[in-house]
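Close look at the chain arrangement
The residues making up each chain are set out below.
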Amino acid sequence: LIVLVTCDLKVKHILNFLCRNLSACGGFEVCDDMVTKDIMTPLVALLKEGANHDIWLQCGAGLDSNEMSPQEKKDQNRNYIENIANEAVNMLWNICECSSRAVSIFNKEGCLEIVLKYLSRFSTNVDLAISVACCLQTVTEDNPELLKSFSAPALHVLESAMLSPANTMEYMLLKTLVAGTIWNLKDIIPSKSQAEIINAILKILSEVLEMDAGETVIKMKETETQRLKTAAETEEILDNVNRDDLIEDDEMEEIPHKRKVRRKTFMSDLLPPTDKELRETVAFLMAQQTALEIIVNMCCSEDPSDDEWEELSSSDESDAFMENSFNECSGQLLSPLCLSHEIHTALTNYLIPKKIFEKTAFPNITAVDICSRTPTWKPLIRKMNTIQCRALVCLQSLVSLLDMDHLGGPTALQTLAQHLSQLLFSQPDFAKHVDFLEAISGALRALLQTMASKNISQCVTPDQLMTLCKAGIHNSNTSVRVNVVSILGITGSVLGKENGTFETLKTIGCFLLEAATKDPSLVVAGEALDALFDVFADGKEAERASVQIKLLSALKEFQPVFKTKIRKEGRSKYTSDQLCVLDNVKMNLRRFVAYQETIEKKLTT
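Note that this is a predicted model, so its numbers are computed, not measured.

On to the overall build of the protein, then. If you tally the helices and strands in the protein, you get 29 helices and zero strands. A burial count over the protein gives 48% of its 605 residues as buried. For the protein, the accessible area works out to roughly 30,300 Å², and carbon and sulfur atoms hold 52% of it.

Here is the structure:
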């Protein structure tokens, strides 16, 4: 740690690089351990030094070279300085993302002012500005203490970066990250400016999402191929020229061979870096992913605090409120969604729903093939798949929030359901891709819920439903299992009121009973129970099926087990809002058992 603040620029650079990689690859435990060992003290000192170029320029003696001109030495020192600053900001970002203690130190040590100085230089070093913007987006999230530190000049720096006229892919990423930071600062923005700020943010996100990822990857790879081909041809020409010069020099014996060889090396050094197009493409894909994540955040309200839940639980109206909120959310153990008029207007004006829908398609086959044949480009396949998953999560939020008319009406919803079904069932091994399965099952769940509430006919066939259930019911991801049992409940509640659905309802009931009684997660069990309440709440076919699968006896047997599990595991494994919903499920289970007793008596007599 002492060496990290040494005056030797080479040592600073190497140690910074090592520490940055350690923080990036080590995860939460390593970052927390680094904070415990006081990495933040030398890191903050380093960042403060770096904010003043002159200090580090005076420390460049270790980079001296007799072959360098004063200007060359100054330029190389400046490159070292900017690389050191970039590594340091990246390390700060990694640590703050993993450690709340690091964020607290960030607040107390005035790091905001330091990193904003780096950001203000965005026009001369966009890479460093991007690192700062990533860090700012992380530390401004759910950090009211830091929001107090944002002055008018600080907001002006952010505004200047976000509204920069530059339109390269790196600047596209920078502006997207700054837009995310400004969204995190919404609570300190005057209400009269809210609409203008939201409009500016969504304008940037819309421009980012306008571009097609697959086509961009193909175009940038072609550009790289052509550039490298031209560079190779230029190198060959220079090589031939040098060879001719050397032959001539041998004959004339005037110029040493070494000088001619050095000229060739110098020309090669002037060629552009070989990863230029790759870096730009990565920046573009990261910009699209970040834009989609910001839209999801804009659609979600904050969770109620523990104190609010305790106050609610102690009130006389808690049972009624719990039952209503649970029914409205279909038992989903997530925070409710909200959408202000300003966001709603900007989303529709910039055609955001349409652009998100387009991103839900599988990555361009040609782009995937091109990337798969080049090792350095192969990681981009995963990035394109991540964009698809983020788009599906966005779609889930928008389907839950927007009016049916803004989604295109009943026909558009049915088309969307067919599109999601095609995406899901066109992949025979979809169960292996957990991130994709979680995202698409969530989107399908939200869509089917909306369609059911509007009495729009469902587009998922019983065979498709069973395929999804068999793949998802035992998935290691809890969210996938929650989505699957919810989809079963939504579909089953519609089928329960129709004729000729007896066998399908029996199958659905058996799946849900297994999930409720055997799943290790109380969240999944609660969702499965709620789905059973919906499926067998009404309809002659549902009544017959419930008796056939012996639903009443199974639930009676499970009732005390469920109650005990909540009491023993509740507080140690689940959040207060999850417990609140589970308590409501427990209450509804008691009522549903009583209702099923009446049904069974009626049918047996």
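Moving on, we get to the packing of aromatic side chains. Each aromatic ring pair is described using two quantities: the centre-to-centre distance and the angle formed by the ring planes. The tally for this structure, following the rule as stated, stands at six aromatic pairs. Between phenylalanine 533 and phenylalanine 592, the ring centres sit 5.0 Å apart and the planes meet at 45°, which makes this aromatic pair tilted. With a gap of 59 residues between them, phenylalanine 533 in helix α26 (residues 522-535) and phenylalanine 592 in helix α29 (residues 576-604) connect regions that are remote in the sequence. Take phenylalanine 533: its relative accessible area is 9%, and that puts it in the buried class. Following the ring pairs from residue to residue traces out a cluster consisting of Phe533, Phe592 and Tyr595. The positively charged end of arginine 544 is found above the aromatic ring belonging to phenylalanine 502, 4.1 Å away from the centroid.

Further remarks concern the pattern of salt bridges. Applying the stated criterion across every chain yields a total of 19 salt bridges. Measuring nitrogen to oxygen at the nearest pair gives 2.8 Å for the salt bridge that ties arginine 390 to glutamate 293. Of this pair, arginine 390 sits in helix α20 (residues 379-401) while glutamate 293 sits in helix α14 (residues 276-299), and the two are 97 residues apart along the sequence. Residues lysine 506 and glutamate 503 are paired through a salt bridge, measuring 3.6 Å at the closest nitrogen-oxygen approach. A residue pair is termed a helical-turn pair when its members lie 3 or 4 positions apart in one helix, as lysine 506 and glutamate 503 do in helix α25 (residues 502-518) at three residues.

Turning our eyes to something else, we now look at the environment of tryptophan 377. Tracing the chain through its elements places tryptophan 377 in the loop between α19 (365-372) and α20. Sequence separation of tryptophan 377 and aspartate 275 is 102 residues, and the distance between their C-alpha atoms is 9.8 Å. Beyond its immediate sequence surroundings of up to four residues, tryptophan 377 is in contact with Val217, Met220, Lys221, Glu224, Glu277, Leu278, Thr281 and Cys371.

A grouping of Lys563, Arg567, Lys568 and Arg590 is seen on the molecular surface, where their side chains present a positively charged patch. A per-element tally of the positive patch places helix α28 (residues 551-573) first, with three residues. Along the chain, lysine 568 turns up in helix α28. The exposed category is assigned to lysine 568, whose relative accessible area is 64%.

The next point concerns the packing of helix α18 (residues 352-359) against α20. Two elements in contact, α18 and α20, have axes separated by 8 Å at closest approach and are oriented at 140°. In terms of axis orientation, α18 runs oblique to α20. When the axes of α18 and α20 are compared, the crossing they make is left-handed. Residues Pro353, Ile356 and Lys359 of α18 touch α20, and the partners they reach there are Ile387, Gln388, Ala391, Cys394, Leu395 and Leu398.

What follows covers the environment of serine 572. For serine 572, the position within the fold is in helix α28. Classification of serine 572 as exposed rests on a relative accessible area of 62%. Engagement of the side chain of serine 572 in a polar contact is seen with the backbone oxygen of glutamate 569, the distance being 3.1 Å.

On to the packing of α25 against α26. Closest axis-to-axis distance for the α25/α26 pair is 8 Å, and the angle between their directions is 155°. Between α25 and α26, the interaxial angle falls into the category roughly antiparallel. Crossing hand, α25 versus α26: left-handed. Each of Leu505, Ile508, Gly509, Leu512, Leu513, Ala515 and Ala516 in α25 lies in contact with α26, whose residues at this interface are Ala525, Ala528, Leu529, Ala531, Leu532 and Val535. For the contact of α25 with α26, the residue count by class is twelve nonpolar, one polar and no charged.

The next subject is helix α10 (residues 169-184). Here α10 contains 16 residues, and its C-alpha end-to-end distance of 23 Å stays within 8% of the 22 Å for a straight helix at 1.5 Å per residue. Of all 16 residues making up α10, 16 are buried, and the element is well covered by its neighbours.

This part takes up the state of the cysteines. What the rule picks out here adds up to zero disulfides. In this structure cysteine 134 is not part of a disulfide, and its nearest cysteine sulfur, from cysteine 135, lies 8.7 Å away. For cysteine 134, a relative accessible area of 5% puts it in the buried group.

Relative to the helices and strands, serine 120 is located in the loop between α6 (111-119) and α7 (126-139). Classification of serine 120 as partly exposed rests on a relative accessible area of 40%. In this structure the C-alpha to C-alpha distance between serine 120 and alanine 161, which are 41 residues apart in sequence, comes to 7.6 Å.

Here is what the cut-offs are and how they apply
Residues numbered from 1 in each chain as written. Predicted model: local features only at pLDDT ≥ 70, side-chain atom pairs only at ≥ 80, totals over all residues. Heavy atoms only, no water. Helix = DSSP H or I, 4+ residues; strand = E, 2+ residues; numbered from the N terminus. Buried < 20%, exposed > 50% of the residue type's maximum accessible area, 1.4 Å probe, protein only. Areas by Shrake-Rupley, 256 points an atom, 1.4 Å probe, with all protein chains shown as cover. Phe/Tyr/Trp six-rings, centres within 6.5 Å; stacked < 30°, edge-to-face > 60°. Lys NZ or Arg CZ within 6 Å of the ring centre and 35° of its normal. Salt bridge = Lys/Arg side-chain N within 4 Å of Asp/Glu carboxyl O. Contact = heavy atoms within 4.5 Å. Patch = residues over 30% accessible without salt bridge, like charges linked within 9 Å, V, L, I, M, F, W, Y side chains within 5 Å. Lys, Arg positive; Asp, Glu negative; His and termini not counted. Charge placed at Lys NZ, Arg CZ, Asp CG, Glu CD. Axes fitted to C-alpha atoms, helices over the stretch in contact; angles between N-to-C directions. Parallel < 35°, antiparallel > 145°, perpendicular 65-115°, else oblique. Left-handed = near helix turned anticlockwise from the far one by under 90°. Polar contact = N/O pair within 3.5 Å; in protein donor to acceptor, adjacent residues only side chain to side chain. Nonpolar A, V, L, I, M, F, W, Y, C, P; charged D, E, K, R; others polar. Expected span 1.5 Å × (residues − 1). Disulfide = S-S within 2.5 Å.

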